[in-house]
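What follows is each chain in one-letter form.
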Amino acid sequence: MTKLVQFGVIARNFSSSSAMQAAIKNVTVIGGGLMGSGIAQVSAQAGQNVILVDLSPEVLAKSQKSIGANLGRVAKKMYKDKPQDGEKFVSESMARIKTSTDPAEAAKSADLVVEAIVENMSVKHKLFSQLDGVAPNHTIFASNTSSLSINEICSVVKRKDRFGGLHFFNPVPVMRLLEVVRGAETSDATYKSMMEWGKAVGKTCITCKDTPGFVVNRLLVPYICEAIRLYERGDASARDIDTAMKLGAGYPMGPLELADYVGLDTNKFILDGWHKKYPNQPLFNPIPLLDKLVAEGKLGVKAGEGFYKYDKK
Ligand SMILES: CC(=O)CC(=O)SCCNC(=O)CCNC(=O)[C@H](O)C(C)(C)COP(=O)(O)OP(=O)(O)OC[C@H]1O[C@@H](n2cnc3c(N)ncnc32)[C@H](O)[C@@H]1OP(=O)(O)O
Ligand SMILES: NC(=O)C1=CN([C@@H]2O[C@H](COP(=O)(O)OP(=O)(O)OC[C@H]3O[C@@H](n4cnc5c(N)ncnc54)[C@H](O)[C@@H]3O)[C@@H](O)[C@H]2O)C=CC1
């Protein structure tokens, strides 16, 4: 059943992409998991009208709950001495987020679509080709992919000039960076709109070419993988590896804690994709222990177990 709850539609059909890109006010976020819920939150906090889409109503209910709780944390800090203003901030931000289980319907009123679904090229292709036929001409499409090529993702759409990467970091409300990725055909107007939107939702934007892992993941993922290999070889315990990198290198989390936090499935999707593409790069070789944990459903924090055990949320 399609459920698109009270949403003010702005129907603007620009005949083509142009330097006339208007400011983005209406954002459709597709994928209501770890990343999509954070992207919806920071957008709503910044005054944007948001539709958060997931195929699963249960995921949407869980996302709304966690967004409410996280907005509460933000409000506590922002309105320390004015709790009533904090409550207003939370309720107004929440009211800007509508939910839907129908991506196509939700894209019809978007100035910007940010996709944050599973890290799988064919699933992303299926989604974007469907959306390309229904979204208004002026709508910019962006992917939050961790590791896939923006040029490859956008190969299925006609609006290649209105397509780019907007790569957020987990947890989205806390991490201040946004990587803005220009594909080969991303227009100047689209790039400018994405940069302006990133700033408007409170992020510091950096620009990167469409290169595997962009900046952060090209450095971070091999580091996490090396830590898993170190542990797999029995060179040190998980706790000691994490303690070492926190106390010896100043990281806020150790690499195995971080792998659990990102999701071991996402780590595996990234590594498998790169290994397939660059089979001669030893840093991207499969890791039997990672494969085993994923096969056992030990996906990290979200599953209650990965390298460590967690209370299930
Ligand atoms: C895979 C990819 O494609 C890319 C990626 O995302 S890679 C992963 C990138 N992320 C990282 O590297 C995260 C590394 N870890 C950290 O930075 C920190 O451990 C952390 C911010 C996650 C938690 O920090 P912590 O000090 O251990 O915990 P905690 O005290 O609960 O939180 C710190 C602050 O963040 C806030 N916070 C934490 N999670 C939050 C959330 N989901 N929403 C809102 N606020 C949150 C807390 O309220 C707290 O705020 P104050 O300090 O102002 O009170
Ligand atoms: N986990 C992380 O730390 C980070 C992940 N990313 C990227 O963000 C994307 C999402 O990752 P997560 O949020 O971690 O995944 P997740 O597994 O938490 O959430 C993905 C959600 O997408 C939904 N979904 C799948 N197909 C869909 C479709 N066709 N239409 C609508 N919803 C659909 C699923 O039901 C699920 O709720 C991936 O591309 C990932 O690589 C980017 C930065 C950090």
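Remember, it's a predicted structure, so these values are computed and weren't measured experimentally.

Participant: I keep staring at the overall build of the protein chain and nothing clicks. Help me out?
Facilitator: Along the protein chain, the regular secondary structure elements total 12 helices and eight strands. For the protein chain, whose C-alpha radius of gyration is 20 Å, the value lies close to the compact-globule estimate of 20 Å for 313 residues. Each principal axis of the C-alpha distribution contributes one length, and for the protein chain these read about 60 × 50 × 35 Å. Scored against the burial criterion, the 313 residues of the protein chain give a buried share of 49%. In the protein chain, once contacts between residues fewer than 6 apart in sequence are set aside, the share between residues at least 24 apart is 66%. Between the mean site of the 40 positive side-chain charges and the mean site of the 32 negative ones, the protein chain shows a separation of 4 Å.

Participant: Got a minute to help me understand the site of ligand 1 in this structure?
Facilitator: Within the structure, ligand 1 sits among 18 residues, and Lys77, Ser146, His167, Asn170 and Asn217 are positioned closest to it. One of the side-chain nitrogen or oxygen atoms of serine 146 is found 2.7 Å away from an oxygen atom of ligand 1. The separation between a nitrogen atom of ligand 1 and a polar main-chain atom of asparagine 170 is 2.8 Å. In isolation ligand 1 offers 1000 Å² of accessible surface; the protein chains occlude 65% of this area. Elements supplying a minimum of two residues to the shell around ligand 1: helix 2 (57-78), helix 8 (216-232) and helix 10 (255-262). Of the residues contributing to the shell around ligand 1, the split by class is 11 nonpolar, five polar and two charged. Counting contributing residues per domain, the shell around ligand 1 is built from domain 1 (26-209) and domain 2 (218-303), each supplying no fewer than three.

Participant: Quick question: what am I supposed to make of the UniProt feature "domain: 3-hydroxyacyl-CoA dehydrogenase C-terminal" (unreviewed entry) in the protein chain here?
Facilitator: As annotated in UniProt, the feature "domain: 3-hydroxyacyl-CoA dehydrogenase C-terminal" (unreviewed entry) corresponds to residues 213-310 in the numbering used here. With 60% helix and 0% strand, residues 213-310 has its two end C-alpha atoms placed 28 Å apart.

Participant: So what exactly am I meant to see when it comes to the domain arrangement of the protein chain here?
Facilitator: Interface size is commonly expressed as the accessible area that is lost once the parts come together. According to the domain assignment, the protein chain contains domain 1 (26-209) and domain 2 (218-303). With centres defined by C-alpha atoms, the gap from domain 1 to domain 2 works out at 26 Å. Taken together, the contacts link nine residues of domain 1 with seven residues of domain 2. When domain 1 packs against domain 2, the two sides together hide about 710 Å² of surface, and 59% of this comes from carbon and sulfur. The tally of links from domain 1 across to domain 2 stands at one salt bridge.

Participant: Is there a simple way to think about the site of ligand 2 in this case?
Facilitator: Within the structure, ligand 2 sits among 21 residues, and Met35, Asp54, Glu119, Lys124 and Ser146 are positioned closest to it. A distance of 3.0 Å separates an oxygen atom of ligand 2 from a polar backbone atom of leucine 34. Contact distances for ligand 2 include 2.6 Å between an oxygen atom and a side-chain N or O atom of glutamate 119. In isolation ligand 2 offers 830 Å² of accessible surface; the protein chains occlude 85% of this area. Grouping the amino acids of the shell around ligand 2 by side-chain chemistry returns nine nonpolar, eight polar and four charged. Composition of the shell around ligand 2 by domain shows at least three residues from each of domain 1 (26-209) and domain 2 (218-303).

Participant: Explain the UniProt feature "domain: 3-hydroxyacyl-CoA dehydrogenase NAD binding" (unreviewed entry) in the protein chain here, please?
Facilitator: Under the UniProt annotation, the feature "domain: 3-hydroxyacyl-CoA dehydrogenase NAD binding" (unreviewed entry) is placed at residues 26-211. Span residues 26-211 is 44% helix and 21% strand, its end C-alpha atoms 29 Å apart.

Participant: Honestly, helix 3 (residues 83-95) in this entry has me stumped. Any pointers?
Facilitator: Because an α-helix completes one turn every 3.6 residues, residues spaced three or four positions apart along the sequence face the same direction. The first and last C-alpha atoms of helix 3 sit 18 Å apart over 13 residues, in line with the 18 Å expected at 1.5 Å per residue. Structurally, helix 3 contributes buried residues whose contacts are with helix 1 (34-45), helix 2 and strand 3 (97-100).

Participant: Looking at this model, I keep getting lost on the packing of helix 9 (residues 238-249) against helix 10. Mind explaining?
Facilitator: When two helices pack together, you describe them by how their axes are tilted relative to each other and by the distance separating the axes. The contact between helix 9 and helix 10 brings their axes to 7 Å, and the two run at 100°. In terms of their interaxial angle, helix 9 and helix 10 are classed as roughly perpendicular. Residues Ala238, Arg239, Ile241, Asp242, Met245 and Lys246 of helix 9 lie in contact with helix 10, whose contacting residues are Pro255, Leu256 and Glu257. When grouped by side-chain class, the residues that make up the contact of helix 9 with helix 10 number five nonpolar, no polar and four charged.

Participant: Explain the pairing of strand 4 (residues 112-115) to me, please; I cannot follow it from the model alone.
Facilitator: Looking along a regular strand, one sees side chains alternate from face to face of the sheet. Burial along strand 4 is two-sided: Leu112 and Val114 facing one way and Val113 and Glu115 facing the other are all buried. In the sheet, strand 1 (residues 26-30) pairs with strand 4 via four bridges, with the strands oriented parallel. From the neighbouring strand, valine 29 faces strand 4, where its bridge partner is valine 114. Bridge count between strand 4 and strand 5 (residues 140-143): four bridges; the pairing is parallel. Looking across to strand 5, one finds that valine 113 is bridged to phenylalanine 141. Following the backbone out of strand 4, through helix 5 (residues 121-132) and into the adjacent parallel strand 5, one traces a crossover that is right-handed.

Participant: Would you explain the sheet that holds strand 1 in this entry?
Facilitator: The strands making up a sheet are joined through hydrogen bonds of the backbone, oriented either antiparallel or parallel. Pairing in this open sheet of eight strands is mixed, and the strands run 3-2-1-4-5-6-7-8 from one edge to the other. Both edges of this open sheet fall to strand 3 and strand 8 (204-209), since each of them pairs with a single strand only. Looking at each pair of strands side by side, their axes are set apart by 25° on average, direction ignored. Contacting strand 2 (49-53) and strand 3, helix 2 runs over the sheet at an angle of about 165° to strand 3. Its contacts with the sheet place helix 7 (residues 188-200) against strand 1, strand 4, strand 5, strand 6 (163-167), strand 7 (177-182) and strand 8, and it is angled at close to 175° to strand 7.

The rules behind the values
Residues numbered from 1 in each chain as written. Chains lettered and ligands numbered in written order. Predicted model: local features only at pLDDT ≥ 70, side-chain atom pairs only at ≥ 80, totals over all residues. Heavy atoms only, no water. Helix = DSSP H or I, 4+ residues; strand = E, 2+ residues; numbered from the N terminus. Rg over C-alpha atoms; globule rule 2.2 N^0.38 Å. Buried < 20%, exposed > 50% of the residue type's maximum accessible area, 1.4 Å probe, protein only. Contact = heavy atoms within 4.5 Å. Lys, Arg positive; Asp, Glu negative; His and termini not counted. Charge placed at Lys NZ, Arg CZ, Asp CG, Glu CD. Near = heavy atom within 4 Å. Polar contact = N/O pair within 3.5 Å; in protein donor to acceptor, adjacent residues only side chain to side chain. Areas by Shrake-Rupley, 256 points an atom, 1.4 Å probe, with all protein chains shown as cover. Nonpolar A, V, L, I, M, F, W, Y, C, P; charged D, E, K, R; others polar. Domains from an automatic or database assignment. UniProt positions renumbered as here; feature names shortened; annotations may be inferred. Buried area = accessible area lost by both parts, 1.4 Å probe. Salt bridge = Lys/Arg side-chain N within 4 Å of Asp/Glu carboxyl O. Expected span 1.5 Å × (residues − 1). Axes fitted to C-alpha atoms, helices over the stretch in contact; angles between N-to-C directions. Parallel < 35°, antiparallel > 145°, perpendicular 65-115°, else oblique. Pairing = 2+ DSSP bridges. Right-handed = clockwise from strand over helix to strand, strands pointing away.

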